[in-house]
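As a plain string of letters, each chain reads:
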Amino acid sequence: MRILGFMTGTSLDAVDMAVLDTDGETIHGFGPSGERKLREDTRALLLETTRQALAWKRGQAEPAIFEDARRAVADEHFHAAESFLAEHGLSWSEFDLLGVHGQTVLHERPSAERIGRTVQLLDAERLARLAGRPVAFDFRTADVAAGGEGAPLAPIYHEARARASGLAAPVAALNIGGVANITLIGADGTLLAFDTGPGNGMIDLMLQERGLGRFDEGGRLAAAGTVDEAVLNGLLASAYFAAPAPKSLDRYDFSLDAVAHLSAQDAAATLVAFTAAAVVKAFDKNDAPPSALIVCGGGRRNPRIMAALAERVPVPVKAAEDYGWRGDAIEAEAFAYLAARTARGLPISFPGTTGVKAAMTGGRIVEP
C-alpha cells in the first residue's frame, strides 16, 4: 500500500507528513516528507481546547470546544496535504490510505484505581470526504480501554525502520517531542518502550510563560545558563521514574514551579539537563546496553539537548540522519505504518510497549 502518514505533536508547531510504501510488516519504499506550520487561529483554538481538556472531570460531558477542534484539525490536515501534494506532484488518488494520529489534548496514564484516558481530536469522516480517501485514525483508545497506557505507539515502526536500515540489535530509538519516548529493541527483537520524561515541552512552556518566544532556538538560552543541581535532583525524585515500564506521560505532568525562581537561562539549562538525565534512567530497564541511541524528533535540533545526552547517556548518541533516517518524519512514517497494520488487522500495541496484557490491534478506518 502507498500511505500518506500525518503527525501533529503537543508542541502545536506543524502538521508533519510522510509517504510510505508498506504492507505493515516490511517497508518497501519512502516517498517525500515535509511539514506545514499550523495556522495561528488553529493553534490558538487547540491551546484553549487543551486548557479545557485538562480541567475536564471524568463523568462530565466533553467540552463543546472539542467538536470545533475536531473540524479544525481535519481542515488543517487537508490544507497541509494539499500544499504538500502540489509541491511534490502527487495526487490524492495515488494513496490507498491515510494514517492520521489526530491532535492529543489530554493523556492520563492508568493507575490502580482507574483506567487511563486519552483524547486525540480529529473529524476523520470530514477529512476522508475532503480527500476522497479512507482514513485510519483513533489508534490509542482501544489499548487504553484494555488497560494499556495508549502510548508510545511508534515502537513497532522503530523496529521495522531499524530492520530496513540493516541495524543489528540491540539498538535504541529516542523520539524527543513535547515528551520524550524511547524504544529499546533487544537482541532477540523484543520491544520495551516508554516515555522517559519531558522532551522539549517544559522548555517551550517556560519560555512561553515568560514571553520569551515559543522555543529555545539553537539552545542559545540554555547555553548561557547553569544547571541548578538541587532543582534537577528534585525533579528526578518524581515517583514516575521509580514506576515500572511501560509507562506514559502527558506534556503537563511535570510542573514548572520547580524552576520558577530561576533565571530563564538557568531554567532552560536545568530543564535540558532534566530531559537528558531522565533518558539515562531508561537504561536501567535494559539488561544488554544498545549499540547506539538514535535520536529523532525536534529535540535533536537543539544542540544543548544533544550535548547533554552525549555527556550523560552511557552509549553512543547519534542523530537519525547518521543512519539515513528522516528525523523529522519518523512519527508521520510511523502512523502510515500503523495505518497499514490496522488495515491488515495486525497488532499495533504490545505488553512491552503499552503494558497491555496481550498484543492487540487498534485504530479504526473510515471510508470517504
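Think of each chain on its own: its residues are numbered from 1, step by step along the sequence as written. Whole-chain, interface and lining totals are the exception, using all residues; otherwise, since this is a predicted model, local features are given only for residues with pLDDT of at least 70 and side-chain atom pairs are given and counted only at 80 or more. Side-chain figures throughout are based on the complete set of non-hydrogen atoms in the structure, without hydrogens or water.

A. Local environment of the overall build of the protein. In terms of regular secondary structure, the protein is built from twelve helices and 13 strands. Taking 368 residues into account, the globule formula puts the C-alpha radius of gyration at 21 Å, and the protein, at 19 Å, falls close to it. In this scheme, a residue with accessible area under 20% of its type's maximum is buried, one over 50% is exposed, and one in between is partly exposed, where area comes from a 1.4 Å probe on protein chains only. Taken across its 368 residues, the protein has 57% of its residues classed as buried. About 14,400 Å² of surface is accessible on the protein, with carbon and sulfur atoms providing 50% of the total. Only four residue types enter the charge count, namely Lys and Arg as positive and Asp and Glu as negative; His and the chain termini do not. For this purpose, a charge sits on NZ of Lys, CZ of Arg, CG of Asp or CD of Glu. Within the protein, one finds 36 positive and 47 negative side-chain charges whose respective centroids are separated by 1 Å. In DSSP terms, a helix is any run of H or I states spanning at least four residues, a strand is any run of E spanning at least two, and both are numbered starting from the N terminus. Using C-alpha atoms as the atom set, the radius of gyration is obtained and then compared with a globule rule of 2.2 Å times the number of residues to the power 0.38. Here the Shrake-Rupley method, with its probe set to 1.4 Å, supplies the accessible areas, and only the displayed protein chains count as covering residues.

B. Representation of the environment of Ile65 in the model. With respect to the helices, strands and loops of the structure, Ile65 is situated in helix H2 (residues 65–88). Residue class for Ile65 comes out buried when judged on its relative accessible area of 12%. Taking C-alpha positions, Ile65 is 8.4 Å from Glu48, a pair spaced 17 residues apart along the chain.

C. View of the pairing of strand E1 (residues 2–7). For E1, the tally of buried residues reaches five of six residues, placing the bulk of the element in the interior. Two strands form a pair only when DSSP identifies at least two bridges running between them. Both E1 and strand E2 (residues 14–22) contribute to a ladder of six bridges, which runs antiparallel. Paired with Leu4 across the strands is Val19, a residue of E2. Connecting the antiparallel pair E1 and E2 is a turn made up of six residues, with Leu12 showing a positive phi of about 55°. Of the strand pairs in this sheet, E1 and strand E4 (residues 97–100) are connected by four bridges, and their pairing is parallel. Within E4, the residue paired with Leu4 across the bridge is Leu98.

D. Structural detail: the pattern of salt bridges. Throughout this description, the term salt bridge denotes a Lys or Arg side-chain nitrogen within 4 Å of a carboxyl oxygen of Asp or Glu. For the coordinates displayed, the defined rule picks out 22 salt bridges. Glu25 is the partner of Arg344 in a salt bridge, and the nearest nitrogen-oxygen pair spans 2.8 Å. Taken together, the residues span a long stretch of sequence, with Arg344 in helix H11 (residues 330–344) and Glu25 in the loop between E2 and strand E3 (27–37) at a distance of 319 residues. Looking at Arg344, the relative accessible area reads 43%, which means it is partly exposed. Among the ionic pairs, Arg51 bridges to Glu48, the shortest N-O distance being 2.6 Å. Here Arg51 pairs with Glu48, and both are found in helix H1 (residues 40–54), just three residues apart, close to one helical turn.

E. Molecular detail of the pairing of E2. Extensive coverage of E2 is indicated by the burial of nine of its nine residues. Burial of the side chains of E2 extends over both faces: Ala14, Asp16, Ala18, Leu20 and Thr22 are buried on one face and Val15, Met17, Val19 and Asp21 on the other. Two elements, E2 and E3, share eight bridges in a ladder whose sense is antiparallel. Across the sheet, residue Met17 finds its bridge partner in E3, namely Gly34. A loop of four residues connects E2 with E3, the two strands running antiparallel in sequence, and Gly24 in this loop sits at a positive phi of about 85°.

F. Fine view of unusual backbone geometry. With an omega of -10°, the peptide bond running from Ala151 to Pro152 counts as cis. Residue placement: Pro152 occurs in the loop between helix H4 (141–145) and helix H5 (155–164). Residue Leu12 is not a glycine yet carries a positive backbone phi of 55°. Here Leu12 shows up in the loop between E1 and E2. For Leu12, a relative accessible area of 4% corresponds to the buried category. Here the phi dihedral of Asp138 falls at roughly 55°; this positive angle occurs in a residue that is not glycine. Mapped onto the elements of the fold, Asp138 is located in the loop between strand E7 (135–137) and H4.

G. Spatial organisation of the sheet that holds E2. The strand order across the open sheet formed by six strands is E3-E2-E1-E4-E7-E13, and the pairing between neighbours is mixed. With partners counted over all chains shown, the strands left at the sheet margins are E3 and strand E13 (364–366), one partner each. For this sheet, the mean inter-axis angle between neighbouring strands, taken without regard to orientation, is 20°. Pairing of E7 with E13 involves three bridges; the strand directions are antiparallel. Bridge pairing links Phe137 to Arg364 in E13. Strands E1, E2, E3 and E4 of the sheet are contacted by H2, whose axis makes an angle of about 115° with E3. The contact criterion used throughout is that any non-hydrogen atoms of two residues lie within 4.5 Å. Between N-to-C directions, angles cover 0 to 180 degrees, with each direction set by a line fitted to C-alpha atoms, over the stretch in contact for helices. Across the sheet, H11 lies against E1, E2, E3, E4, E7 and E13, angled at about 125° from E1, the strand it touches most.

H. Up close: the nonpolar core. Put simply, buried Ala, Val, Leu, Ile, Met, Phe, Trp, Tyr and Cys residues joined by side-chain atoms within 4.5 Å make one nonpolar core. Counting 48 residues, the largest nonpolar core has Leu174, Ile182, Leu293 and Leu309 as the members making the most contacts within it. Those elements giving two or more residues to this core turn out to be strand E8 (171–176), strand E9 (179–185), helix H6 (201–209), helix H7 (220–223), helix H8 (229–236), helix H9 (264–282), strand E11 (293–296) and helix H10 (303–312). Met17, Ile65, Leu122 and Phe137 belong to the second-largest nonpolar core, a separate cluster that totals 37 residues.

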